[in-house]
Amino acid sequence: MCIFCKIVNNEIPSNKVLENDEFLAFHDINPKAPIHVLVIPKKHVESFHEVDGETMAKMTPFIQEVAKMLCIDKSGYRLVTNIGKDGGQEVPHLHFHLLGGGKLRWDHRSDANPQKNI
Ligand code: 5GP
Ligand code: ZN
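Residues numbered from 1 in each chain as written. Chains lettered and ligands numbered in written order. Predicted model: local features only at pLDDT ≥ 70, side-chain atom pairs only at ≥ 80, totals over all residues. Heavy atoms only, no water.

**Q** Would you mind showing me how to read the sheet that holds strand E1 (residues 16-19) here?
**A** Whether parallel or antiparallel, the strands of a sheet pair through hydrogen bonds between backbone atoms. In space, the five strands of this open sheet follow the order E1-E2-E3-E5-E4, with antiparallel pairing throughout. At either end of the open sheet lies a strand with only one pairing partner, and these are E1 and strand E4 (77-80). Averaged over all neighbouring strand pairs, the angle between strand axes comes to 20 degrees, with direction disregarded. Summarising the sheet, strand E2 (residues 23-27) and strand E3 (residues 35-41) pair through five bridges and their orientation is antiparallel. When the bridges of E3 are listed, alanine 25 appears paired with valine 39. (Pairing = 2+ DSSP bridges. Helix = DSSP H or I, 4+ residues; strand = E, 2+ residues; numbered from the N terminus. Axes fitted to C-alpha atoms, helices over the stretch in contact; angles between N-to-C directions.)

**Q** What is the right way to look at the pairing of E3 in this model?
**A** Consecutive side chains of a regular strand alternate in pointing toward one face of the sheet and then the other. Among the seven residues of E3, seven are classified as buried, and the element is accordingly described as predominantly covered. Judged by which residues are buried, E3 turns out to be covered on both faces: Ile35, Val37, Val39 and Pro41 on one side and His36, Leu38 and Ile40 on the other are all buried. Examined bridge by bridge, E3 and strand E5 (residues 96-100) share five bridges and lie antiparallel to one another. Residue pairing for E5: histidine 36 is matched across the bridge by leucine 99. (Buried < 20%, exposed > 50% of the residue type's maximum accessible area, 1.4 Å probe, protein only.)

**Q** In this structure, what is going on with the nonpolar core? I would like to understand it.
**A** For soluble globular proteins, the rule of thumb is that nonpolar side chains tend to be buried together. In terms of nonpolar packing, the biggest core is built from 19 residues, with Val37, Val39, Met59, Val66 and Leu70 touching the most fellow members. Within the residue set of this core, elements represented by two or more residues are E2, E3, helix H2 (53-69) and E5. Counting residues per element, this core draws most heavily on H2, at six residues. With residues near it in sequence (within four places) discarded, valine 39 still touches Leu24, Ala25, Met59, Phe62, Ile63, Leu94, His95 and Phe96. Residues Cys2, Phe4, Val8 and Leu24 belong to the second largest nonpolar core, which totals ten residues. (Core = buried A, V, L, I, M, F, W, Y, C linked by side-chain atoms within 4.5 Å. Contact = heavy atoms within 4.5 Å.)

**Q** What am I meant to see in the packing of aromatic side chains here?
**A** Given two aromatic rings, their pairing is described by the distance between the two centres and the angle made by the two planes. Tallying each qualifying case throughout the model produces two aromatic pairs. Geometrically, the ring pair formed by phenylalanine 4 and phenylalanine 26 is edge-to-face, given 5.4 Å between the ring centres and 80 degrees between the ring planes. Taken together, the residues span a long stretch of sequence, with phenylalanine 4 in helix H1 (residues 3-8) and phenylalanine 26 in strand E2 at a distance of 22 residues. For phenylalanine 26, a relative accessible area of 3% translates into the label buried. With a centroid separation of 5.5 Å and an interplanar angle of 40 degrees, the aromatic rings of phenylalanine 23 and phenylalanine 62 are classed as tilted. Of the two residues, phenylalanine 23 sits in strand E2 while phenylalanine 62 sits in helix H2, which places them 39 residues apart along the sequence. (Phe/Tyr/Trp six-rings, centres within 6.5 Å; stacked < 30°, edge-to-face > 60°.)

Below, the structure is given as structure tokens:
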């Protein structure tokens, strides 16, 4: 069972923000912004590339609700999902990083040469 499935099952504790039958939002253990919350589907889906449209359609208003609860809906925030190896995904369970609480930098460094089309 993956680490986020264990969080869903309360086998690993987490600092929860919001949950319903299908989704869970909890604070990232290693925050990279003043507010850094992870939003996941409770059912195991490996990444954004595997998720179905119906789940995403339901996840959208849930994420918007989490942003409202955190009071960053007006000031703005960033929503990021890493996919696979090159995307930097470390936990193989779909999660959206909800980042905010301050002006965020935009910094996507890559080991690949940006001049090359790879
Ligand atoms: P990824 O690199 O897969 O996009 O992001 C995984 C995120 O999960 C990281 O930001 C990391 O800090 C967070 N994370 C990893 N393990 C745990 C955990 O046990 N609890 C919580 N709350 N966050 C975790
Ligand atoms: Zn999982």
